[in-house]
Amino acid sequence: MFNKDIHIKLKDSQNFLRNKKLISDLIGESNICKDDVIIEIGGGRGIITEQLIEICKEVYVIEHDYSLYKNLKDKFYNINNIKVIYGDFLEFELPKEYKYKIFSSIPYNITAAILSKLTFADNPPEDIYIILQKEAAEKYAGKPYGGESMRSLLLKPYFDFEIIRNIKRTDFTPTPSVDSVFLHIKKRGNTLMRKDKEDLYFDFIAYIFSNTGNDIKSRCKYIFSYKQIKRLSNDIGFKITDSPTCLSYEQWLKVFQYFVIGVSDEKKKLVNGSYSKLMKEQNKIDKLYRNRK
């Protein structure tokens, strides 16, 4: 069902690309080809859509704004390889039986919700090409673009991240007040996390990033002894006074692997449910924010 509140928020947050040459370059920098099924989140005025349909096998466009939806339907009414769908992407059912890719310039104020839907889907996209706020992209991509975040660490066992290029503010209308980038998120052929350890890994990372303290020593003091954390720092190559964001994903993976084999079951229980608890708290914050809006 169409969500009126989402519609109002998205309408106020839309910045449309206006440079056709830029879009052509971005598509050229992707791996999109004639055999691909593409989903575009928010077709807007169709400036991306019109180039996607020239290249791809099928294009599905989900547009939340009814007037924009009508314009897109009229603009592409006689094109066979496009389907324009009216509604909220967050309520759209992603494909379950076949491979697909995403290519979109997304509304910045629901970036987290969009990426959560895509990356936690039962059948995630093979590739996600999105234009989004630079600050958000760096949080998801982590190192080498910035420090690792909880989001980047949770997703890196399953996806690779690359910021392909910066996008100028003047390439949008209206001109946004933030910097933007073109981000590629690619599903890994083989995940780096064993299926039976996924829940524990999510709880472990959530525990670290929701715990109090400025450094790794403080945040890990209840699950690792001082001797253990000191040994890990020497073996893996970090300082116990480092912030959790300073370690790379590869380093955190090694810390987690030691946590699995090197601590007691009683200490493992300390992290149980941390991810679920954090998500519930975040949902409460999001709900409060929506009510205030």
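Shown above is the structure to which this text applies.
As the structure is a prediction and not an experimental result, all values here were calculated from the model.

Draft legend 1. Quick peek at the pattern of salt bridges. What the rule picks out here adds up to 18 salt bridges. The partner of Asp235 in a salt bridge is Arg231, and the shortest N-O contact between them spans 3.5 Å. Of this pair, Asp235 and Arg231 are both found in helix H10 (residues 226-236), 4 residues apart, which corresponds to roughly one turn of the helix. Arg231 sits in the exposed class, given a relative accessible area of 56%. Linked by salt bridges that have partners in common, Asp36, Lys101, Asp127 and Lys186 make up one network.

Draft legend 2. Structural detail: the sheet that holds strand S3 (residues 58-63). On the basis of which strands lie adjacent, the open sheet formed by 7 strands has the order S4-S3-S2-S5-S6-S9-S7 and mixed pairing. Edge positions in the open sheet fall to strand S4 (82-86) and strand S7 (159-167), since each of these has one partner strand only. Strand-to-strand twist in this sheet, taken as the mean axis angle between neighbours without regard to direction, amounts to 20 degrees. Sitting on the sheet, helix H4 (residues 66-75) touches S3 and S4, and the angle it makes with S4 is about 160 degrees. Relative to strand S6 (residues 127-133), helix H6 (residues 134-141) is tilted by about 135 degrees, and along the sheet it contacts S6, S7 and strand S9 (180-187).

Draft legend 3. Spatial organisation of the packing of H10 against helix H11 (residues 249-262). Orientation of H10 relative to H11, taken along the N-to-C sense of each, is 140 degrees, at an axis distance of 11 Å. As far as their axial angle goes, H11 and H10 are oblique. Judged by the sense of rotation from one axis to the other, the crossing of H10 with H11 is right-handed. Residues Gln228, Leu232 and Ile236 of H10 lie in contact with H11, whose contacting residues are Gln251, Lys254, Val255, Tyr258 and Gly262. Split into classes, the residues belonging to the contact of H10 with H11 amount to 4 nonpolar, 3 polar and 1 charged.

Draft legend 4. Broad picture of the pairing of strand S5 (residues 101-105). Extensive coverage of S5 is indicated by the burial of 5 of its 5 residues. Sheet topology note: the strand S2 (residues 37-41)/S5 ladder contains 2 bridges and is parallel. Each bridged residue has a counterpart across the sheet, and for Ile38 the counterpart in S5 is Lys101. Here S5 runs beside S6; their pairing, made up of 5 bridges, is parallel. Residue pairing across strands places Ile102 opposite Ile128, the latter belonging to S6. In this fold, S5 hands off to helix H5 (residues 111-119), which returns the chain to S6; that crossover is right-handed.

Draft legend 5. Up close: the nonpolar core. Counting 88 residues, the largest nonpolar core has Phe103, Leu132, Phe204 and Phe224 as the members making the most contacts within it. The dominant element in this core, judged by the number of residues it contributes, is helix H8 (residues 198-210), at 8 residues. The contacts of Leu132, once residues within four sequence positions are left out, are Ile106, Tyr108, Thr111, Leu115, Ala137, Asp179, Ser180, Val181 and Leu183.

Draft legend 6. Summary view of the packing of aromatic side chains. In this structure the tally under the stated criterion is 17 aromatic pairs. Look at Phe224 and Tyr258: their rings are 6.0 Å apart centre to centre, the planes differ by 40 degrees, and that puts the pair in the tilted class. Of this pair, Phe224 sits in the loop between helix H9 (216-219) and H10 while Tyr258 sits in helix H11; the two residues are 34 residues apart in sequence, bridging distant segments of the chain. Residue classification places Phe224 among the buried positions, given a relative accessible area of 2%. Judged by relative accessible area, which is 23%, Tyr258 ranks as partly exposed. Chaining the aromatic ring pairs together yields one cluster made of Phe120, Tyr201, Phe202, Phe204, Phe224, Trp252, Phe256, Tyr258, Phe259 and Tyr275.

Draft legend 7. Summary view of the packing of H8 against H11. With their axes 11 Å apart at the nearest point, H8 and H11 run at an angle of 110 degrees to one another. In terms of their interaxial angle, H8 and H11 are classed as roughly perpendicular. The way H8 lies across H11 gives a crossing that is right-handed. Taken together, the residues of H11 that come into contact with H8 (itself represented by Leu200, Tyr201, Phe204 and Ile208) are Tyr249, Trp252, Val255, Phe256, Phe259 and Val260. Grouping the amino acids of the contact of H8 with H11 by side-chain chemistry returns 10 nonpolar, no polar and no charged.

Draft legend 8. Quick peek at the side chain of Asp127. Structurally, the position occupied by Asp127 is in strand S6. At 3.3 Å, the side chain of Asp127 and the side chain of Asn31 are in polar contact. At a separation of 3.4 Å, a polar atom in the side chain of Asp127 contacts the side chain of Lys186. Those residues in contact with Asp127 that lie beyond four places of it in its chain are Asn31, Tyr100, Lys101, Ile102, His184, Ile185 and Lys186.

Draft legend 9. Representation of the side chain of Asn211. Looking at where Asn211 falls in the secondary structure, it is placed in the loop between H8 and H9. A distance of 2.9 Å separates a polar atom in the side chain of Asn211 from the backbone oxygen of Arg219.

Scoring rules and cut-offs
- Residues numbered from 1 in each chain as written.
- Predicted model: local features only at pLDDT ≥ 70, side-chain atom pairs only at ≥ 80, totals over all residues.
- Heavy atoms only, no water.
- Salt bridge = Lys/Arg side-chain N within 4 Å of Asp/Glu carboxyl O.
- Helix = DSSP H or I, 4+ residues; strand = E, 2+ residues; numbered from the N terminus.
- Buried < 20%, exposed > 50% of the residue type's maximum accessible area, 1.4 Å probe, protein only.
- Pairing = 2+ DSSP bridges.
- Axes fitted to C-alpha atoms, helices over the stretch in contact; angles between N-to-C directions.
- Contact = heavy atoms within 4.5 Å.
- Parallel < 35°, antiparallel > 145°, perpendicular 65-115°, else oblique.
- Left-handed = near helix turned anticlockwise from the far one by under 90°.
- Nonpolar A, V, L, I, M, F, W, Y, C, P; charged D, E, K, R; others polar.
- Right-handed = clockwise from strand over helix to strand, strands pointing away.
- Core = buried A, V, L, I, M, F, W, Y, C linked by side-chain atoms within 4.5 Å.
- Phe/Tyr/Trp six-rings, centres within 6.5 Å; stacked < 30°, edge-to-face > 60°.
- Polar contact = N/O pair within 3.5 Å; in protein donor to acceptor, adjacent residues only side chain to side chain.

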